[in-house]
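Each chain, written out:
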Amino acid sequence: MTTDLNITGHISKRYNEELEQIRYLVIEMGELVIKQVEDGLNCLLTSNTELAQQVIDHDKKINQFEIKIDEACTHIIATRQPAASDLRLIICIIKTITDIERIGDEATKLGRNALKIINSEQNPRQFNELKHLGDAVIANLHQAMKAYAALDIETALQVIEQDEQINIEFDNISRLLITKMMEDPREIKNSLRITWCARAFERIGDHGKNICEYVVFLVKGKDVRHISVEQIKQTLKDF
Amino acid sequence: MTIKTKSLTDGMEIEHTVGNVFADDPKMSMRNVDVFYNDKQAIKNVSIDLARNQVTALIGPSGCGKSTFLRCLNRMNDTIDICKIKGSLLLDGEDIYHKKMDPVLLRARVGMVFQKPNPFPKSIYDNVAYGPRIHGLAASKDDLDEIVVTSLQKAGLYKEVKDRLSSSGTGLSGGQQQRLCIARTIAVSPEIILMDEPASALDPIATAIIEELIDELKEKYTIAIVTHSMQQAARISQTTAYFHMGSLIEVGSTDHIFTNPSHQLTENYITGRFG
């Protein structure tokens with residue numbers, strides 16, 4: 001369900017171009033951050049130190065995107081005084097890139113923990129669970145960026161709904177790792193590092209969910225943060 | 001997305017306007033107003049309340065009828081022979097087009113400030129004193145002095161002109177002239193002030209002063225303002241009404257109109273998607 005929200009169509013063609021350019025930059029930034037998360041998971045699964053270091057190094061690119069898009073939004077606010085859907089778009093973008101930047105930070109955590117785990121003597125065996133969680137988070141992140149690009153409320157709602165499953169998955173992994181730590185204290189150090197990786201994935205899931213909430217705000221003009229999925233659905237039904 | 005609402009007070013049906021046209025505490029209530037210039041209909045079935053002690057902004061593209069509608073509110077269109085007005089326009093429940101209503105007295109109650117400052121070619125003092133004199137509002141010279149000083153103070157101009165009240169009003173800057181016109185309007189103790197693009201000919205500083213003044217004036221007066229500046233409407237009004245080709249398309253809280261308007265035409269206009 002894509003929206004009929006018209007991003008362009010202004011009398012000023014330059015304004016249309018400016019908005020389109022910012023929107024494209026956010027999509028580009030989103031693609032880069034998804035690649036970072038994928039690489040973060042892969043370096044853990046394949047014990048690839050080079051890839052882990054690359055994830056850490058590439059975070060700067062995401063930070064640069066954030067600065068560039070922030071500047072472009074400031075320019076639009078100063079020169080165009082956006083209102084209505086244009087204003088919601090700019091607010092949505094400013095908030096979205098903050099979440100994308102934080103996803104980048106979480107991906108960096110994956111890289112750092114991967115380096116520590118790979119360089120440790122212990123060879124942890126809990127990567128299967130992490131792969132399952134990571135794959136689910138990455139799939140959700142793809143959907144979140146798709147919802148943003150297509151202004152697709154239905155996909156956004158699916159992501160918001162799916163995040164609850166991710167949280168349950170994270171709780172399951174946490175319980176499993178705690179059990180393992182209790183069974184064999186030699187596992188504690190690496191199990192904690194894996195827990196932090198799982199936690200990073202869980203946070204990435206939250207940021208993806210946030211992005212989808214901004215998409216709902218952009219399209220429907222309704223702030224659906226901090227309410228349950230059922231309440232969001234009801235709000236949109238009442239709207 | 002048309003919402004059909006029904007007046008609680010008079011049973012008249014209002015069509016084609018999105019949003020709530022009814023104010024909780026209306027100072028003026030307009031219902032089903034049509035305005036014709038000869039056969040050409042300039043205002044089509046417009047119903048709206050002006051909420052007491054609030055600023056209502058009327059926005060819309062050129063020729064949409066917002067100024068025509070504003071001018072109906074103190075019968076400024078009476079002087080145009082070809083202009084015919086239908087519908088109900090009530091000021092505190094009183095029909096302003098009733099044959100017993102004196103338009104001169106009405107305009108003292110419903111004052112107006114225009115786009116171009118139009119001070120009389122008289123002294124600053126006489127500009128402000130003109131209204132109170134013709135309406136006999138001052139019993140003595142002292143009374144008149146007090147009205148002039150108070151009005152200039154309320155209009156935020158007194159400090160700038162107190163030492164030259166006998167100087168010509170036309171010698172003031174554009175922003176000062178506009179505030180002089182506002183002081184002249186206030187001097188006859190109106191209940192409502194209508195403003196037709198009061199700051200469009202002013203620089204940003206003079207505009208900011210006028211906007212600040214409007215914000216203060218709403219404590220005592222009900223204000224309706226026509227403006228082409230979206231940002232100005234967003235800054236100073238509590239309610240915004242969007243006109244399009246003579247129809248009132250949408251009325252709502254200014255916050256709502258400028259963040260999430262309900263009607264596509266409103267959205268298009270305030271985001272600059274058509275001329």
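Residues numbered from 1 in each chain as written. Chains lettered and ligands numbered in written order. Predicted model: local features only at pLDDT ≥ 70, side-chain atom pairs only at ≥ 80, totals over all residues. Heavy atoms only, no water.

Q: Would you take a moment to explain the interface of chain B and chain A for this structure?
A: If you look at the interface, chain B gives 12 residues, while chain A gives 17 residues. Note on chain B versus chain A: buried area summed over both sides is about 1,000 Å², and carbon and sulfur give 45% of it. Linking chain B with chain A are one salt bridge, by the criterion used here. A salt bridge links D86 of chain A to R273 of chain B, with the nearest nitrogen and oxygen atoms 3.1 Å apart. Put simply, chain B and chain A have 13 residue pairs in polar contact (both at pLDDT 80 or more) between them. Every element with two or more residues in the side of chain B that touches chain A is listed here: α9 (254–259) and α10 (264–270) of chain B. Partitioned by chemical class, the residues of the side of chain B that touches chain A number four nonpolar, six polar and two charged. (Contact = heavy atoms within 4.5 Å. Buried area = accessible area lost by both parts, 1.4 Å probe. Salt bridge = Lys/Arg side-chain N within 4 Å of Asp/Glu carboxyl O. Polar contact = N/O pair within 3.5 Å; in protein donor to acceptor, adjacent residues only side chain to side chain. Helix = DSSP H or I, 4+ residues; strand = E, 2+ residues; numbered from the N terminus. Nonpolar A, V, L, I, M, F, W, Y, C, P; charged D, E, K, R; others polar.)

Q: Can you help me understand the pattern of salt bridges in this one?
A: If charged atoms from side chains of opposite charge come close, those side chains can pair. All names here are of chain B. Here the structure, examined in full by the defined rule, presents 27 salt bridges over all chains. We note a salt bridge from D78 to R75, for which the minimum N-O separation is 2.7 Å. Taking relative accessible area as the criterion, D78 reaches 32% and is therefore assigned partly exposed. Residues D215 and K218 are paired through a salt bridge, measuring 3.0 Å at the closest nitrogen-oxygen approach. A residue is classified by how much of its surface remains accessible, and D215, at 33% relative accessible area, is partly exposed. With relative accessibility at 14%, the residue K218 sits in the buried group. (Buried < 20%, exposed > 50% of the residue type's maximum accessible area, 1.4 Å probe, protein only.)

Q: Mind showing me how you'd approach the pairing of strand β4 (residues 40–51) of chain B here?
A: Consecutive side chains along a regular strand alternate between the two faces of the sheet. Residues and elements named next belong to chain B. As defined by bridge partners, strand β3 (residues 26–37) adjoins β4 across eight bridges and the pair is classed as antiparallel. By the bridge assignment for β4, M28 is matched with L50. What sits between β3 and β4 in their antiparallel hairpin is a turn of two residues, with N38 showing a positive phi close to 55°. (Pairing = 2+ DSSP bridges.)

Q: When you look at the nonpolar core in this model, what are you seeing that I'm missing?
A: In globular proteins that are soluble, nonpolar side chains generally tend to be buried together. I69, I93 and F201 of chain A are the most contacted members of the largest nonpolar core, which has 74 residues in total. Of all the elements in the fold, those that place two or more residues in this core are α1 (13–46), α2 (49–80), α3 (84–119), α4 (127–150), α5 (153–183), α6 (188–220) and α7 (229–238) of chain A. Beyond its immediate sequence surroundings of up to four residues, F201 of chain A is in contact with V37, L41, L110, L130, L133, G134 and V137 of chain A. Ranked by size, the runner-up nonpolar core spans 45 residues in total, among them A129, L157, I193 and L217 of chain B. (Core = buried A, V, L, I, M, F, W, Y, C linked by side-chain atoms within 4.5 Å.)

Q: Looking at this structure, I do not really get the packing of helix α3 (residues 124–134) of chain B against helix α4 (residues 141–154) of chain B. What am I missing?
A: Residue and element names in this part refer to chain B. Viewed as axis vectors pointing N to C, α3 and α4 meet at an angle of 115°, and their least axial separation amounts to 9 Å. The angle between α3 and α4 falls in the class roughly perpendicular. In this structure, α3 crosses over α4, and the sense of that crossing is right-handed. Contacts from I124, Y125, V128, A129, P132 and R133 of α3 reach α4 at K141, L144, D145, I147, V148, S151 and L152. The class makeup of the residues in the contact of α3 with α4 is nine nonpolar, one polar and three charged. (Axes fitted to C-alpha atoms, helices over the stretch in contact; angles between N-to-C directions. Parallel < 35°, antiparallel > 145°, perpendicular 65-115°, else oblique. Left-handed = near helix turned anticlockwise from the far one by under 90°.)

Q: Would you explain the side chain of R184 of chain B in this entry?
A: Residues and elements named next belong to chain B. Counting through the fold element by element, R184 comes out in helix α6 (residues 174–186). At 12 Å, D126 is the nearest oppositely charged side chain to R184, a buried residue that forms no salt bridge. Every residue in contact with R184, bar those within four places of it in the chain, is listed here: N118, P119, F120, N127 and V128. (Lys, Arg positive; Asp, Glu negative; His and termini not counted.)

Q: Before we go on, may I ask you to explain the sheet that holds strand β5 (residues 55–59) of chain B in this structure?
A: The pairing of strands in a sheet happens through backbone hydrogen bonds and is either parallel or antiparallel. All names here are of chain B. Taken together, the six strands give an open sheet; going across it, the order is β8-β9-β10-β5-β11-β12, and neighbouring strands pair in mixed fashion. Edge positions in the open sheet fall to β8 (110–113) and β12 (247–253), since each of these has one partner strand only. With strand direction ignored, the average angle separating the axes of adjacent strands in the sheet is 20°. As judged from the four bridges shared by β8 and strand β9 (residues 192–196), these two strands associate in the parallel manner. By the bridge assignment, V113 is partnered in β9 with M195. Lying over the sheet, α6 contacts β8 and β9, oriented at roughly 170° with respect to β8.

Q: Is there a simple way to explain unusual backbone geometry in this structure?
A: Among all residues except glycine, the phi angle is most often negative; among peptide bonds, the trans geometry is most common. One non-glycine residue, H226 of chain A, adopts positive backbone phi at about 60°. Structurally, H226 of chain A can be placed in the loop between α6 and α7. The backbone phi angle of N38 of chain B is positive, close to 55°, even though this residue is not glycine. The topology assignment puts N38 of chain B in the loop between β3 and β4.

Q: I'm lost on the packing of aromatic side chains in this one. Help?
A: Centre distance and the angle of the planes are the two values used to describe a pair of aromatic rings. Applying the stated criterion across every chain, the model contains three aromatic pairs over all chains. The aromatic ring of Y148 of chain A is capped on one face by R23 of chain A, whose charged end is 5.5 Å from the ring centroid. The aromatic ring of F120 of chain B is capped on one face by R184 of chain B, whose charged end is 4.2 Å from the ring centroid. (Phe/Tyr/Trp six-rings, centres within 6.5 Å; stacked < 30°, edge-to-face > 60°. Lys NZ or Arg CZ within 6 Å of the ring centre and 35° of its normal.)

Q: What am I meant to see in the sheet that holds strand β6 (residues 83–91) of chain B here?
A: With antiparallel pairing, the four strands of this open sheet are ordered in space as β4-β3-β6-β7 (chain B). Every other strand in the sheet has two partners, leaving β4 and β7 (94–95) of chain B as the edge strands with one partner each.

Spatial relationships are all this shows, so hold off on functional conclusions.
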